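Each chain, letter by letter, is given below.
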Amino acid sequence: MTSERDDQQWNPTTYDDAQSFVAAYGSSVVDVLEPAADERILDLGCGTGHLTREIADAGAGTTVVGLDSSAAMIERARETYPGPDLEFVHGDARSIDRTVDGTFDAVFSNAALHWIPDKDQDEVLASVRDALEPGGRFVAELGGRGNVAAIVDAVRAEGKAYGYDIESPWYFPSIGEYAPRLEAHGFEVRDATLFDRPTELEGEDGLRDWLEQFGDRLFASASVPADERADIVDAVEDALREDRIGDEKYYRDGTWIAPYRRLRFVAVAE
Ligand code: BEZ
């Protein structure tokens, strides 16, 4: 999820080509959601709409609204998945009611909430709570504490060597941090899990492509110019090529494995 105001550019084509694992892994979050017949569900940070379609397919008569703050992603979702049971809306998770009418039986979100800064998370949770019927569920997965830490640390270290103080733009909370936040906004937390999910990045250039697709805000945090960004990415590849997660290398047999950690939760609006 992104917003057009900001420094992260979204390209629906490269996103779907090189980062197709995002939707593939997200299917298991749809399983947790268990969409039921005739429910109205909001997919928050729907991107190009693959999971929005899956949610609608999972329940007879289910209708789904996909919301994303990238106009490019929403345009692609509308082209790919026209249909009376889906609606795609360009909007902001902090103020859902500005672009979407009515309430929902469930709000779903996969790999989107960590794009919203810590300072705005309470606004998002209040907005989600307002969008739900009492008893409605909020089922979501985001990057959890320690997510992609080796990549962020390597970018920061190599950036420092170039004189840049790069900051992580992402919000990766622990259960202990996020559950009270949910409770403070009127949710009962029924389940929360933090788990490692080492994630294969496609192709020899998987790490470089990942940083190309997702790294704009990371480099923008220290106003790194494009030529030096490319040099820092080269240095990050070199630094991580021989590095390990436990006994396993991040780069093995021509493939990069990113150290993803997920925070998955089910919360019910009281
Ligand atoms: C994630 O899904 O965990 C993620 C994706 C892009 C940047 C940072 C984290």
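Preceding block: the structure.
Just so it is clear, the model here is predicted, and its values are computed rather than measured.

Reading the values: rules and limits
Residues numbered from 1 in each chain as written. Predicted model: local features only at pLDDT ≥ 70, side-chain atom pairs only at ≥ 80, totals over all residues. Heavy atoms only, no water. Salt bridge = Lys/Arg side-chain N within 4 Å of Asp/Glu carboxyl O. Helix = DSSP H or I, 4+ residues; strand = E, 2+ residues; numbered from the N terminus. Buried < 20%, exposed > 50% of the residue type's maximum accessible area, 1.4 Å probe, protein only. Near = heavy atom within 4 Å. Polar contact = N/O pair within 3.5 Å; in protein donor to acceptor, adjacent residues only side chain to side chain. Areas by Shrake-Rupley, 256 points an atom, 1.4 Å probe, with all protein chains shown as cover. Nonpolar A, V, L, I, M, F, W, Y, C, P; charged D, E, K, R; others polar.

Draft legend 1. Up close: the pattern of salt bridges. Evaluation of the coordinates by the stated rule reveals 24 salt bridges. Among the salt bridges present, the one from Asp57 reaches Arg53, with a minimum N-O distance of 2.7 Å. Pair noted here: Asp57 and Arg53 are both in helix H3 (residues 50-58), with a separation of 4 residues, about one helical turn. A relative accessible area of 52% places Asp57 in the exposed class.

Draft legend 2. Main features of the site of the ligand. What surrounds the ligand is the set His114, Trp115, Asn147, Trp170, Phe172, Trp210, Phe214, Tyr260 and Arg262. At a separation of 3.5 Å, an oxygen atom of the ligand approaches a polar side-chain atom of His114. Arg262 places a polar side-chain atom, nitrogen or oxygen, 2.7 Å from an oxygen atom of the ligand. Protein burial of the ligand: of its 260 Å² of free accessible surface, 97% is covered by the chains. Those elements giving two or more residues to the shell around the ligand turn out to be helix H8 (206-214) and strand E10 (255-269). When grouped by side-chain class, the residues that make up the shell around the ligand number 6 nonpolar, 2 polar and 1 charged.

Draft legend 3. Structural view of the environment of Ser70. Turning to its location among the elements, Ser70 is positioned in the loop between strand E2 (63-68) and helix H4 (71-80). Along the chain, Ser70 and Tyr260 lie 190 residues apart, while their C-alpha atoms are 23 Å from each other.

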